[in-house]
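# Residue-level structural notes
This is what each chain is made of:
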Amino acid sequence: MEYQKIPLDEQLERAGKKRIHPEHDACAIRRFGSMPLSGYMKNGHYAERLGVLLGIPQERLEKMTVREMALLISRQKRPGAGVLPHKELLRLFAAPMGEAYRAWKEAQDERKEET
């Protein structure tokens, strides 16, 4: 891949519209995956509920990473008679991202109101 130098002003302008360096996505995902689950899920209720649904003891849950939880969820069967509710697992796992997005969106809306 050819390296192209982009002036900072142009990078900042483009950052609002698209990723500047999409080749770094895989690295970010790997780093995020090694984050402790407790660091990702600040609201302990989500992690506890995931633990209950998956039958994971609290001691193990405290030592898990985001990647390990994602793998456990991905291995679950899809909804059906007597099967774990996969949709609920995904909703709980994604909840921290939803909260972060709402906080970001509120901050953006406040900025727009100020101008």
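So, how was this worked out
Residues numbered from 1 in each chain as written. Predicted model: local features only at pLDDT ≥ 70, side-chain atom pairs only at ≥ 80, totals over all residues. Heavy atoms only, no water. Phe/Tyr/Trp six-rings, centres within 6.5 Å; stacked < 30°, edge-to-face > 60°. Helix = DSSP H or I, 4+ residues; strand = E, 2+ residues; numbered from the N terminus. Buried < 20%, exposed > 50% of the residue type's maximum accessible area, 1.4 Å probe, protein only. Salt bridge = Lys/Arg side-chain N within 4 Å of Asp/Glu carboxyl O. Core = buried A, V, L, I, M, F, W, Y, C linked by side-chain atoms within 4.5 Å. Contact = heavy atoms within 4.5 Å. pLDDT = per-residue confidence, 0-100.

## Focus on the packing of aromatic side chains
Counted by the stated rule, this structure contains 1 aromatic pair. Between the aromatic rings of Y40 and F93, the centroid separation amounts to 5.5 Å while the plane-to-plane angle is 50°, which identifies the pairing as tilted. Of this pair, Y40 sits in helix α3 (residues 37-40) while F93 sits in helix α7 (residues 86-114), placing them 53 residues apart in sequence. Residues Y40 and F93 agree in their burial class; the two are buried.

## Focus on the pattern of salt bridges
Under the criterion given, the structure shown has 1 salt bridge. A salt bridge links K105 to D109; the nearest nitrogen and oxygen atoms lie 3.7 Å apart. A residue pair is termed a helical-turn pair when its members lie 3 or 4 positions apart in one helix, as K105 and D109 do in helix α7 at 4 residues. For K105, a relative accessible area of 33% puts it in the partly exposed group. Given a relative accessible area of 31%, D109 falls into the partly exposed group.

## Focus on the nonpolar core
M41, L50, M69 and F93 are the most contacted members of the largest nonpolar core, which has 19 residues in total. No other element matches the 5 residues that helix α4 (residues 44-54) contributes to this core. Beyond its immediate stretch of four places on either side in the chain, L50 contacts M41, M69, I73, L89, L92 and F93.

## Details of the confidence of the model for the protein
Confidence in the prediction of the protein, expressed as mean pLDDT, is 77, and 71% of residues score 70 or more. Per-element confidence in the protein is highest for helix α5 (residues 58-63), whose mean pLDDT is 92, and lowest for helix α1 (residues 8-15), whose mean pLDDT is 66.

## Quick word on the environment of L92
With respect to the helices and strands, the residue L92 is situated in helix α7. Here the alpha-carbon distance between L92 and Y46, two residues 46 residues apart in the chain, equals 5.7 Å. In this view, L92 contacts M41, Y46, R49, L50 and L53; residues no more than four positions away in its chain are not counted.

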